[in-house]
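So you can see what is in the structure, the chains are spelled out below.
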Amino acid sequence: MRMEISALQLAALVNGKIEGDPNIKINTFSKIEEAKAGSLTFIANPKYAHYIHSTEASVVLVKSDFQTEGPVKPTLVKVDDPYTVLATLLNMVSAAKPKKSGVEKLAYVADGVNIPASTYVAGFAYISNGATIGENVQIFPHCFVGENVHIGNNVILHSGVKIYNDCVIGENCIIHSGAVIGSDGFGFAPHNGIYTKIAQIGNVVIEDNVEIGANTTIDRATMGSTFIRKGVKLDNLIQVAHNVEIGENTVMAAQVGVAGSTKIGKNNMIGGQVGFAGHIKIGDNNQIGAQSGIPNNVGDGNRLMGYPATDARDFARQTVYIKKLKSLFDDVNNLKK
Amino acid sequence: MRMEISALQLAALVNGKIEGDPNIKINTFSKIEEAKAGSLTFIANPKYAHYIHSTEASVVLVKSDFQTEGPVKPTLVKVDDPYTVLATLLNMVSAAKPKKSGVEKLAYVADGVNIPASTYVAGFAYISNGATIGENVQIFPHCFVGENVHIGNNVILHSGVKIYNDCVIGENCIIHSGAVIGSDGFGFAPHNGIYTKIAQIGNVVIEDNVEIGANTTIDRATMGSTFIRKGVKLDNLIQVAHNVEIGENTVMAAQVGVAGSTKIGKNNMIGGQVGFAGHIKIGDNNQIGAQSGIPNNVGDGNRLMGYPATDARDFARQTVYIKKLKSLFDDVNNLKK
Amino acid sequence: MRMEISALQLAALVNGKIEGDPNIKINTFSKIEEAKAGSLTFIANPKYAHYIHSTEASVVLVKSDFQTEGPVKPTLVKVDDPYTVLATLLNMVSAAKPKKSGVEKLAYVADGVNIPASTYVAGFAYISNGATIGENVQIFPHCFVGENVHIGNNVILHSGVKIYNDCVIGENCIIHSGAVIGSDGFGFAPHNGIYTKIAQIGNVVIEDNVEIGANTTIDRATMGSTFIRKGVKLDNLIQVAHNVEIGENTVMAAQVGVAGSTKIGKNNMIGGQVGFAGHIKIGDNNQIGAQSGIPNNVGDGNRLMGYPATDARDFARQTVYIKKLKSLFDDVNNLKK
């Protein structure tokens, strides 16, 4: 959307129904509360519906059944699912940016490593011996690709990603700046109070369609592999210890920590700053609230919260009870008299 | 203070009053409990006053009304505010270090980017197309400055800072090693258990006089900007999600996490490892204790603590009550009999 | 173990006693539950003993007194301490990998810095003026070694380690990718709501045999040094603030935060995501559970847990009492009637 388009053109593009001026032009996207003239915005959540009367946006994507009290200034474009339509438009704009290809002069690529013509290797990227790099890969400056690392097709490594030797990155993965893949697991043998390092000879395997946030760290396995399964999305500053497995389509918010050898199932939603103990098993389809501590195994389909975590409704009730403890102590003291 | 100065010269410099040997020399700074001969140290907090009898420091900055019981070995220099005087001296020493300028041979600067003569670009720094770089900027090795990034005057980017395209850094900012500015926000549209990426086409705007700690991550907005306002100080390993705003002169200790779209006001003091939920609003002048969890809106001028956070005094009381729960259960069991 | 060896050769190497086929070959290591034919695995914990009947491993290291019910498929090699033997074997394999030496063409080494012939400096590593680098050091791509930094013998700096000027790294240390050593402490003087930076002119001193995890940050002292004593092991994403001291052989799991000037003693075991307040003193031989918050001084030999932390058994009891609060409130209400 570097060029302007009209509400009419937009409606045609997204198969929407226009209410208002079809000729008004848009040239940017905005959140409804910040939108200026020339903006396209959207209302997906009814909580934001009232902004329709104050927004300066030129065009608003709304649901097919959206009703306003009285006339409104912006042009409405009615669609079944405004958020999905908006996301599609954002992705179209993003995809329209030209992609780089070729190896820049200041890059280092070890002898014998093949870089496909469709792939970009920026200056100051370092590709080690024995690495295999797919098609349409984007490797930004200061990335380190260790020996025998495999990078699948269409992967993006943003500036400063570090991948230790022997790790495997699937197709269509995006790894953000400063993420570290394959650092040594935290393994030491204590002997009379002194800790001796145990060599970590495994690797990390990241499957297809995974996104990994900035400065997140994923340790290699002691033996075998640390697994990040298909479709997993990890936010920034997350710690994944050695021999962990994170199941398909599980999403984790920032600063979560997963201790060694813990296995997490599929389609879990994990809030920020949650901590998982080591050597436990988490099932599928759980929702775990922010800052929770998970000391033990968890089954499927739970909503958990707390330190240590418990059922989220029980946690809410406990919080209320704790606030009333003063009156309870007073009551008991009165009863004792 | 690479050269020695005498207590007399120091007193003249800071407009202080000498008690003791005016000719004694100092050549370094130390904390009072660690100070050796040749050190300048200070006492600002009365808790440390007793060290005056044991310290080996040569000169001690003390308050104008500081009294000792009996004679002491070090020379005293009395000033109104020893801590501020010390900070000023530290800053003088630091400022005396020669600043580098010029573009080192192994740097990469895209064609058409102007580097002012006063600015330093180290080897292995990568400055992309369309970037604008101010005067007296220091860009250390392995920094990545993305396309169309603006860097204001007098900014310091320590080694390994990564700034994605289109972000804006104001004047006099200091960004420490490994900090990532402008990585993608954590935005995905779920569909039958699979998450599709929503392009993040906004940016990060950092205003003047901001300091950002090592390995801190600040995500770009989905649309619009993530804002770090004037004078904000962020410690290390902090996560700031997309579309967050952090208000003027708010300070955050290490490992804080702020979830998406949360707006934090001015002059707040946030302890380490605090977590803020997404889409909430925090007012001004709050003090939030370490490791607190903030699930909801907060007004102005509160002292909060806990998970979930509550008034800090209430939290302290609850902690006491929880410790007494055993006796309470016993009391109730006795009453029931 | 790139080459195959037989059970017989292994038993000779580790001084073990064979039960089963002595000619079976092994060529890799695995965890017992994941092992395939050709694998060597081990049983140290009786909880895993039952896998002896289902594993596909070719050889299993077990304790001298290990007994099976009925015949088993893998060959057993009996030793006194299977875990230590396995760790030794892993370390032998790891040590057999050829070590690099020499300065790669794309490295930058400042004039006058001596790189011993046994030391490796990779492309895109930046070694500043006045640095001193020991023998057998491995410096991977994108490391930054600041002015006057000292690196002891046998140190490994993985890709992207950043060490600010004047810091000291002892012998045999391993520092993982993205770790930042010597960034400025978080020191500001408030004045009418505005924070002025206090120059941080101290350094970080890391003693011998320390391992530091990926993306961990250790701030330099305001004056003097931040100390990481001999044998300390720090996991990933840990924050160590200015003027902290961490005592010998203390180990910390990921995402721990230690606030300024706190002194931690020897041989402590600290769980993940624990937070320490500033200006406190922790003794020796404590065990602190994950996510605990430590607001005050701690003596020696405690087991602590909670927020704020308390004795671990008390914390467990409190957790039970809190779960029963509903029935307690009900009881008291009944008693009041």
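Here, the structure is the one placed above.
Cut-offs and rules
- Residues numbered from 1 in each chain as written.
- Chains lettered and ligands numbered in written order.
- Predicted model: local features only at pLDDT ≥ 70, side-chain atom pairs only at ≥ 80, totals over all residues.
- Heavy atoms only, no water.
- Least-squares fit on C-alpha atoms with pLDDT ≥ 70 in both.
- Contact = heavy atoms within 4.5 Å.
- Buried area = accessible area lost by both parts, 1.4 Å probe.
- Salt bridge = Lys/Arg side-chain N within 4 Å of Asp/Glu carboxyl O.
- Polar contact = N/O pair within 3.5 Å; in protein donor to acceptor, adjacent residues only side chain to side chain.
- Helix = DSSP H or I, 4+ residues; strand = E, 2+ residues; numbered from the N terminus.
- Nonpolar A, V, L, I, M, F, W, Y, C, P; charged D, E, K, R; others polar.
- Expected span 1.5 Å × (residues − 1).
- Buried < 20%, exposed > 50% of the residue type's maximum accessible area, 1.4 Å probe, protein only.
- Arc of directions from axis to C-beta.

Peer 1: Would you mind going over the relation of the copies chain A and chain C with me for this structure?
Peer 2: Think of it as a corkscrew move, a rotation about one axis and a shift along it, taking one chain copy to the other. For the pair chain A and chain C, the relating rotation is 120 degrees, the translation along its axis is 0.0 Å, and the fit reaches an RMSD of 0.1 Å. Such a combination of turn and shift is consistent with a three-fold rotation axis.

Peer 1: Whenever I open this one, the interface of chain B and chain C confuses me. Can you help?
Peer 2: It is common to give the size of an interface as the accessible area that goes away when the parts come together. On the chain C side, the residues contacting the 62 residues of chain B number 60 residues. The junction of chain B with chain C conceals about 4,800 Å² of combined surface from both sides, 64% of it contributed by carbon and sulfur atoms. Among the residues of chain B in contact with chain C, F124(B), Q291(B) and F329(B) are the three that bury the most area, contributing 12% of the side total. Where chain B packs against chain C, one counts three salt bridges. One salt bridge connects K197(C) with E211(B), and the closest N-O pair in it is separated by 2.8 Å. Across the chain B-chain C interface, the total number found is 26 residue pairs in polar contact (both at pLDDT 80 or more). Secondary-structure elements contributing two or more residues to the side of chain B that touches chain C are α2 (82–96), β27 (233–234), β30 (251–252), β38 (303–306), α3 (312–323) and α4 (325–336) of chain B. Among the elements that line the side of chain B that touches chain C, the one with the most residues is α4(B), at seven residues.

Peer 1: Looking at this structure, I do not really get the interface of chain A and chain C. What am I missing?
Peer 2: If you look at the interface, chain A gives 60 residues, while chain C gives 62 residues. The junction of chain A with chain C conceals about 4,700 Å² of combined surface from both sides, 64% of it contributed by carbon and sulfur atoms. Ranking the residues of chain A by area buried against chain C places F186(A), M223(A) and Y307(A) at the top, with a combined share of 16%. In this assembly, chain A and chain C are joined by three salt bridges. A salt bridge links E147(A) to K100(C), with the nearest nitrogen and oxygen atoms 3.5 Å apart. On the surface where chain A and chain C come into contact, there are 26 residue pairs in polar contact (both at pLDDT 80 or more). Mapped by element, the contributors of at least two residues to the side of chain A that touches chain C are β20 (180–183), β22 (194–197), β25 (217–219), α3 (312–323) and α4 (325–336) of chain A. At five residues, the largest contribution of residues to the side of chain A that touches chain C is made by α4(A). In the side of chain A that touches chain C, the residues fall into 30 nonpolar, 22 polar and eight charged.

Peer 1: What's the story with α4(B) in this structure? I'm lost.
Peer 2: Each turn of an α-helix holds 3.6 residues, which means side chains three or four residues apart point in the same direction. The end-to-end C-alpha separation of α4(B) is 16 Å, in line with the 16 Å expected for 12 residues at 1.5 Å each. For α4(B), the full list of buried residues reads L325(B), L328(B), F329(B), D331(B) and V332(B). Buried residues of α4(B), seen end-on, are gathered within an arc of 160 degrees and therefore sit on one face of the element. In the core, the buried residues of α4(B) are packed alongside α4 of chain A, α3 of chain B together with α3 (312–323) and α4 (325–336) of chain C.

Peer 1: Even after reading the chapter, I still don't get unusual backbone geometry, so can you show me in this structure?
Peer 2: Across the chain, the bulk of peptide bonds are trans and the bulk of non-glycine residues have phi less than zero. Following Y307(A), the chain continues to P308(A) via a peptide bond in cis, the omega torsion being -5 degrees. Checked against the element boundaries, P308(A) lands in the loop between β38 (303–306) and β39 (309–311).

Peer 1: I would appreciate a short explanation of the environment of G301(A) in the present structure.
Peer 2: Residue and element names in this part refer to chain A. Looking at the element boundaries, G301 is found in the loop between β37 (293–294) and β38. Sequence spacing of G301 and S54 is 247 residues, and the spatial spacing of their C-alpha atoms is 41 Å. If we skip the residues at most four places from it in the chain, G301 touches D284, N285 and N286.

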